[in-house]
Structure formats: structure tokens, C-alpha cells
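# Survey of secondary and tertiary structure
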Amino acid sequence: MKKRELGKSGLYISEIGLGCMSLPDDLTESKNIVDAAIHSGINYFDTADLYNSGKNEELLGSSIKGRRNDIILATKAGNKMNPDGEGWTWDSSKEHIMEAVKRSLLRLDTDYIDVYQLHGGTMEDNVEETIDAFESLKKDGLIRQYGISSIRPNVINRFLDTSSAVSVMMQYNLLDRRPEEWFPTIHEAGASVITRGTIAKGFLTSEGLSRTAKANGFVEYNASELTQTVQALSEQSEDLHAAAIAFALHDKTVASALVGARTTEQLLDSIIAYEKKTTDEEITQLGHIAKIHNYKEHRV
């Protein structure tokens, strides 16, 4: 599997990364998926302290035991679980991040995190304090690099302008083209994009039409528009799954496209799709078919 440098970090990550939020709670099943990912050449694994109240980090930590040096491990912080375990609140303070990283390290059973990400962000945040936390962790060797997971351009700009962040995670796929407007800014800042939602909840696969029949819409598509667009994309492409992944990786600002998997079979489907050849012409044609929507500011 090909690798791309994450920003200017010196870290080279696989073009397909495993988004671990979908991992099943069963350790044996999760380990099988992680094993298949590593065997396929995936070295980038992304989780968050918020996923399943920290249990996702524990599952991933157990699944990579003995192979830590072979992977690039990414997790996130900024959402603080309420004491009763029900829900969470946003907290981007240095105090919280410095404590959150310790808990993530314990759950992941590791001494360091390769890419530590702010899991959201608002314009009300004290961004200088947040960045100071990440820089302190980097200096202490607890993290190697840091980034942000957000779709809000004002938040992203402010974070990139005043930090040495190397990554921006955001939803990006044929049905959600909003991030393209910000690719030049991210590239100029020396950072890369990590895509989530690469296959748009499965709408951009061979099962896309059956999934749209049960959906109320997606992003700015209503139910009817979604079905019509997926139908048109399917008719234009020999393998929509493969084309969707190729589309996400087409712009070199993107370092890795995350895929999720609840089973080994789902993961292997995405690996096979990634390995198929998709021409630039097909990617361009599919891009024309998919509607381009104007960005509407919202909080992540």
C-alpha cells in the first residue's frame, strides 16, 4: 500500500487508514480486523477517547499489542465525559487535555501517541491555551505530532495559523465536497487532510442504492436527491466503491482516507476497492455528476 507524508511531519501514513470507531466490542473480532488491516499494509489507526466512553481505545490498544512500532496511532481529546457517564461536555482547556492524554495512554497501553487531535473546536475556545497544551505534550515526548478534527473553516484557520499542526480531519467524499474550498489553505499551512466518511455511510458502494432507500438524506441532499445522485454515480462507474476511495485520494492535500469496518469482510472490501484502478477521467466525470454544495458553517 502506498504511503503519503502527513503534512511536513516526517510521518508516512498509508493511503487507507482504519477508522476504529466501528470496531466491534468483542476483542477477538476487533483484533481480527486490525490484523487484516496491518497485513494489508495499513499503518494508520484512528480512535478517540470519546468513542464508547474510552473502550474503543482499550480495544485498539489490546489489538496492536506487540506491534506498536509498526503503526501510526492517532486519537483525539476535547470532549469530557460527565461524571455520571451520560453524555459529555466540550473542554479544550490545557488542564483537561493534559489529563486526557494520560488516560488515553493508559487505555492504549502505550508510552506515546503519534498524532493527537483536538476533537472539534469553537471560536469561543482559548486557542492559545489549547495549542500550548499540545506543544507541551510534544516537548515532553508524549505525542509526536498534533492536529484538529473539524469542518469549521474559521476554527481550522485559527488553529493552523498559530500552531505547528500537521493534520486536519474532516468528512470528505463525492457527496460532501465542502472541504475542497479549504484544501489550498491547509496545504499552504504545511498540513494534510485525513478524510472521514470516505464512502458516505456506505452510499458510495455497491449497496448504495439499497441504503439510500432507508435514508432521509445526506448532508444537503434530501432523500430524493440522494437516491438520484447515487443512481447516476452508480451508472457512470464500474465500481463506485473503488471510485469513491480514488476520488478521496485524488487531491494530494489528502494524506489518508479512513474507512471503518465492523467485520473483516467489510475491511477487505475496502482494501480490494482501493487496489482497483480508477482513471482520472472517471474521477472527473463522477465529480461533475455529484452536486457541489456551498459550505454552511456549523459546529462539529
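Structure first, text after, so check above.
As the structure is a prediction and not an experimental result, all values here were calculated from the model.

Another aspect to go through is unusual backbone geometry. Across the chain, the bulk of peptide bonds are trans and the bulk of non-glycine residues have phi less than zero. Of note, Asn 52 is a non-glycine position whose phi angle comes to about 50°, a positive value. Looking at where Asn 52 falls in the secondary structure, it is placed in the loop between strand 4 (44–46) and helix 2 (55–63). Using a relative accessible area of 37% as the deciding quantity, one classes Asn 52 as partly exposed. Of note in this structure, Asp 109 is not a glycine but carries a positive phi near 55°.

What follows is about the environment of Leu 204. You can see Leu 204 is positioned in the loop between strand 11 (192–196) and helix 7 (208–212). A residue is classified by how much of its surface remains accessible, and Leu 204, at 0% relative accessible area, is buried. Spatially, the C-alpha atom of Leu 204 lies 38 Å from that of His 96, the residues being 108 residues apart in sequence. Setting aside chain neighbours within four positions, we find Leu 204 in contact with Asn 173, Leu 174, Leu 175, Thr 198, Ile 199, Leu 233, Leu 240, His 241 and Ala 244.

Glancing now at the environment of Leu 286. Along the polypeptide, Leu 286 turns up in helix 11 (residues 280–289). Each C-alpha atom, one on Leu 286 and one on Ile 199, is 14 Å from the other, the two residues being 87 residues apart in sequence. Discounting residues that sit within four places of it in the chain, Leu 286 has contacts with Leu 174, Leu 233, Gln 236, Ser 237 and Ala 243.

Aromatic ring pairs are defined here through the distance separating the ring centres and the angle between the ring planes. In the structure shown here, the tally under the stated rule is 7 aromatic pairs. Both rings, one in Tyr 116 and one in Phe 134, keep their centres 5.7 Å apart while their planes meet at 75°; by these two values the pair is edge-to-face. On the criterion of sequence distance, the pair formed by Tyr 116 in strand 8 (residues 113–118) and Phe 134 in helix 4 (residues 127–139) is long-range, its members being 18 residues apart. Relative to Phe 159, the ring of Tyr 146 lies with its centre 6.2 Å away and its plane at 90°, an arrangement referred to as edge-to-face. Of the two residues, Tyr 146 sits in strand 9 (residues 143–149) while Phe 159 sits in helix 5 (residues 153–161), which places them 13 residues apart along the sequence. As far as burial versus exposure is concerned, Tyr 146 and Phe 159 are alike and both buried.

A few words now on helix 4. Between the first and last C-alpha of helix 4 there are 18 Å, a value that for 13 residues agrees with the 18 Å anticipated at 1.5 Å per step. For helix 4, the full list of buried residues reads Val 127, Thr 130, Ile 131, Ala 133, Phe 134, Ser 136 and Leu 137. Those residues of helix 4 hidden inside the fold are in contact with helix 3 (94–108), strand 8, strand 9 and helix 5. The positive-phi residue at the C-terminal boundary of helix 4 is Gly 141, with phi of around 80°.

Take the pattern of salt bridges next. Two side chains that carry opposite charge are able to pair once their charged atoms sit near each other. Within the structure shown, the criterion is met by 15 salt bridges. Arg 178 is the salt-bridge partner of Asp 176, the closest N and O atoms lying 2.6 Å from each other. For the pair Asp 176 and Arg 178, one class covers both residues: buried. In the salt-bridge network here, residues are joined through shared partners; they are Lys 31, Asp 35 and Arg 67.

Turning next to the pairing of strand 5 (residues 72–77). Of all 6 residues that make up strand 5, 6 are buried, and the element is covered over most of its length. Side chains Ile 72, Ala 74 and Lys 76 project from strand 5 onto one buried face, and the interleaved Leu 73, Thr 75 and Ala 77 project onto a second face that is buried too. Judged from the 3 bridges that link them, strand 4 and strand 5 form a sheet pairing that is parallel. Directly across from Phe 45, in strand 5, lies its bridge partner Leu 73. This β-α-β element, strand 4 to helix 2 to strand 5, shows right-handed connectivity.

This next bit is on the nonpolar core. In this structure, Leu 18, Phe 45, Tyr 116, Phe 159, Leu 175, Leu 204 and Leu 267 are the most contacted members of the largest nonpolar core, which totals 77 residues. For this core, the leading source of residues is helix 9 (residues 240–248), giving 8 residues. Beyond its immediate sequence surroundings of up to four residues, Leu 18 is in contact with Leu 23, Ile 33, Val 34, Ala 37, Ile 42, Tyr 44, Phe 45, Asp 46, Leu 258, Val 259 and Leu 267. Ranked by size, the runner-up nonpolar core spans 12 residues in total, among them Ile 72, Val 115, Ile 194 and Leu 258.

A word on the sheet that holds strand 5. In spatial order, the strands read 3-4-5-8-9-10-11-14; together these 8 strands close into a barrel with parallel pairing. Neighbour-to-neighbour, the strand axes of the sheet open up by a mean angle of 30°, direction not taken into account. In this sheet, strand 14 (residues 254–260) lies alongside strand 11 in parallel orientation, the contact comprising 3 bridges. Opposite Thr 195, over in strand 14, you have Ala 257 as the bridge partner. Each of strand 5, strand 8 and strand 9 touches helix 3; the most contacted strand, strand 8, lies at about 135° to it.

Conventions and cut-offs
Residues numbered from 1 in each chain as written. Predicted model: local features only at pLDDT ≥ 70, side-chain atom pairs only at ≥ 80, totals over all residues. Heavy atoms only, no water. Helix = DSSP H or I, 4+ residues; strand = E, 2+ residues; numbered from the N terminus. Buried < 20%, exposed > 50% of the residue type's maximum accessible area, 1.4 Å probe, protein only. Contact = heavy atoms within 4.5 Å. Phe/Tyr/Trp six-rings, centres within 6.5 Å; stacked < 30°, edge-to-face > 60°. Expected span 1.5 Å × (residues − 1). Salt bridge = Lys/Arg side-chain N within 4 Å of Asp/Glu carboxyl O. Pairing = 2+ DSSP bridges. Right-handed = clockwise from strand over helix to strand, strands pointing away. Core = buried A, V, L, I, M, F, W, Y, C linked by side-chain atoms within 4.5 Å. Axes fitted to C-alpha atoms, helices over the stretch in contact; angles between N-to-C directions.

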